[in-house]
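Chains, contacts and geometry: an overview
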Amino acid sequence: MPSDTVSILWFRQDLRLEDNPALCAAVKSGQFYPVYILDDENAGDWAMGAASRVWLNSSLDKLNHSLAGKLSLYRGNAEKILPALAARLGAGAVYWNRCYEPWRIGRDTNIKKTLNDANVVVKSFNGSLLWEPWEVLKKDATPYKVFTPYFRACRAGTLPAKPVPVPKEITALKDDEALSLEDMGLLPKQKKWVAQMHSHWDVGEKAAQHALSDFISNGLDRYKKGRDYPSEKSVSRLSPHLHFGEISPNFVLDKILEQSAGENRDHFYSELAWREFSYYLLYHFPKLPDENFQPKFDGFNWFGSQADLKTWQRGMTGVPIVDAGMRELWQTGYMHNRVRMIVASFLTKNLGVHWREGARWFWDTLVDADLASNSASWQWVAGSGADAAPYFRIFNPVTQSKRFDENADYICTYVPELAKLPTRYIYAPWEAPVEVLESVGLKLGRDYPEPITSLKASREKALSMYKDLAG
Ligand SMILES: Cc1cc2nc3c(=O)[nH]c(=O)nc-3n(C[C@H](O)[C@H](O)[C@H](O)COP(=O)(O)OP(=O)(O)OC[C@H]3O[C@@H](n4cnc5c(N)ncnc54)[C@H](O)[C@@H]3O)c2cc1C
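Reading the values: the criteria
- Residues numbered from 1 in each chain as written.
- Predicted model: local features only at pLDDT ≥ 70, side-chain atom pairs only at ≥ 80, totals over all residues.
- Heavy atoms only, no water.
- Near = heavy atom within 4 Å.
- Polar contact = N/O pair within 3.5 Å; in protein donor to acceptor, adjacent residues only side chain to side chain.
- Areas by Shrake-Rupley, 256 points an atom, 1.4 Å probe, with all protein chains shown as cover.
- Helix = DSSP H or I, 4+ residues; strand = E, 2+ residues; numbered from the N terminus.
- Contact = heavy atoms within 4.5 Å.
- Buried < 20%, exposed > 50% of the residue type's maximum accessible area, 1.4 Å probe, protein only.
- Pairing = 2+ DSSP bridges.
- Right-handed = clockwise from strand over helix to strand, strands pointing away.
- UniProt positions renumbered as here; feature names shortened; annotations may be inferred.
- 1 Å grid on protein atoms, 1.4 Å probe; cavity = no way out; pocket = protein on both sides within 12 Å on 5 of 7 lines; lining within 4 Å.

**Some remarks on the site of the ligand**
Every one of the 27 residues lining the ligand counts as a neighbour, but Y223, S236, R237, N337 and D368 are closest to it. One nitrogen or oxygen atom from the main chain of R237 is found 2.6 Å from an oxygen atom belonging to the ligand. With respect to the ligand, the side chain of E271 contributes an N or O atom lying 3.0 Å from a nitrogen atom. For the ligand, whose unbound accessible area comes to 810 Å², protein coverage reaches 96%. Elements that contribute at least two residues to the shell around the ligand include exactly α10 (239–243), α12 (263–284), α15 (337–350) and α17 (371–382). Here the shell around the ligand takes six residues from α12, the largest share from any one element.

Take a look at the structure:
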């Protein structure tokens, strides 16, 4: 018989204590078992990528610590594990914060039914979004497809909930049969890669809050302009913390709105809203990760080869800003937004590789890999998405790097083999006279690749293919 006082708190994308509505409900109900289940079975094609698992491993460790070692870990099909656990532990209720990925929505609906059939109460909460996707609709009750009116409607509607504080007394219980963190098998064999990535991050709720205060003190007052410059510290780097729910968007927004009003604060708010819009699109258009949002792209002839894709992944295209971005991704699990747009445009437009291939690679290598933001952003850059950059707006990587990496600091951090060149040639080393290359001991094709494609010719090819599609 389920007990009235013991419950289960199911942690998912909300690995924190602060502003956690499901945690508050569990604490209010009495004693509870905090649990986490790694459910690769239901995730299918969207099982977490390697970099995300590295992050998750540390994040669970930190959360367990905050819960005085009471976090119980499991691995497998949550549809089977959770009802069995509720029965074995005699739990009368299960609490969780909602997730919005299509596979999770389907799975959670089934779990709720199974638990309810067994007389176990299920309560779910909004712990991850400022506005839930079904709350914001057009007058004709259909979803928005364009960001600006969507955000306007969000702001005209209900104010995002104020963050709730950490409950005073948390009486958590531990299941002795749960797995250890090592048993979860989250870390890959490549220890060097893991160590290198770790050296760039502090993981967990405290680190997330620290990153936010640091950004408020040192980045926010220049955000609108500074966010375009990859070597500047003008962005928050909160994305992995937000993805894993180590910090809630409501907590972030609340602290941001305490700062003086102005264009920087507004711009940051609108970027947080792009995250919301991505979740909104994924909820209303669940095929977003797999299919073109604009069906006219279904007939597009993606001509790029697997070899080109590999070269791009390895950061060896011979186009410095692209290679710098791809190497930043590999080394740190992150890439600056401006550079994400450049590398994605280069892959889809100059190399003609399907956006899905790029999104897949990001999925495996980003620590902030997020089904909503990643799918929406790749389709946005490719031109096939909602409110997308028009296909003919092809980023010129050389112009972009001259403009946003003025001293080539970013390029030289990740492509140090070019650092000895005079700055004006670092952006496009193939334009440097042989004597200049020789004077710094650089031979293209030996020390750094020749460009994989002609930027001009590939741009023209992309444009003419797009014309065929449009016409
Ligand atoms: C091809 C491509 C793929 C992307 N894949 C992801 C992904 O998998 N996960 C992810 O979180 N973001 C993704 N983004 C969006 C964006 O690049 C990152 O959110 C941002 O770079 C994270 O850095 P930050 O936290 O310093 O951002 P800040 O500029 O400090 O912004 C604060 C927060 O706002 C949100 N945000 C900012 N810009 C965007 C945006 N364009 N779209 C959605 N949310 C945004 C993020 O949650 C971010 O943490 C992608 C962008 C592109 C172009």
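That covers the picture; the talk isn't over yet.
**Considerations on the environment of D228**
Its location among the elements puts D228 in the loop between α9 (223–226) and α10. Between the alpha carbons of D228 and R403 there is a distance of 9.5 Å; along the sequence they are 175 residues apart. Not counting chain neighbours up to four residues away, the residues in contact with D228 comprise H336, R338 and F404.

**Section: the pairing of strand β1 (residues 7–11)**
Across the five residues that make up β1, a large majority, five, are buried. As defined by bridge partners, β1 adjoins strand β2 (residues 32–38) across five bridges and the pair is classed as parallel. Bridge pairing links S7 to F32 in β2. With helix α1 (residues 21–29) bridging β1 and the parallel β2, this β-α-β connection has right-handed handedness. The sheet contact formed by β1 and strand β4 (residues 93–97) spans four bridges and is parallel. By the bridge assignment for β4, I8 is matched with V94.

**Things to note about the UniProt feature "site: Electron transfer via tryptophanyl radical" (unreviewed entry) in the protein**
If you check UniProt for "site: Electron transfer via tryptophanyl radical" (unreviewed entry), the listed places come out as W302, W355 and W378 in our numbering. Of the annotated residues named above, the ones that line the largest pocket are W378. On the basis of relative accessible area, W302 is assigned to the buried category, the value being 17%. Tracing the backbone shows W355 in helix α16 (residues 355–365). With relative accessibility at 0%, the residue W355 sits in the buried group. W355 has contacts with L288, P289, D290, E291, N292, W302, T348, W378, Q379, A382 and S384, leaving out every residue within four places of it along the chain. Here N292 takes part through its side chain, which lies 2.9 Å from a polar atom of the side chain of W355.

**Things to note about the pairing of β2**
Taken across its seven residues, β2 has seven buried, putting it largely inside the fold. Alternating positions in β2 separate into two faces, F32, P34, Y36 and L38 on one and Y33, V35 and I37 on the other, with burial throughout. Inspection of the sheet shows β2 paired to strand β3 (residues 72–75) by four bridges, in the parallel sense. Directly across from V35, in β3, lies its bridge partner S72.

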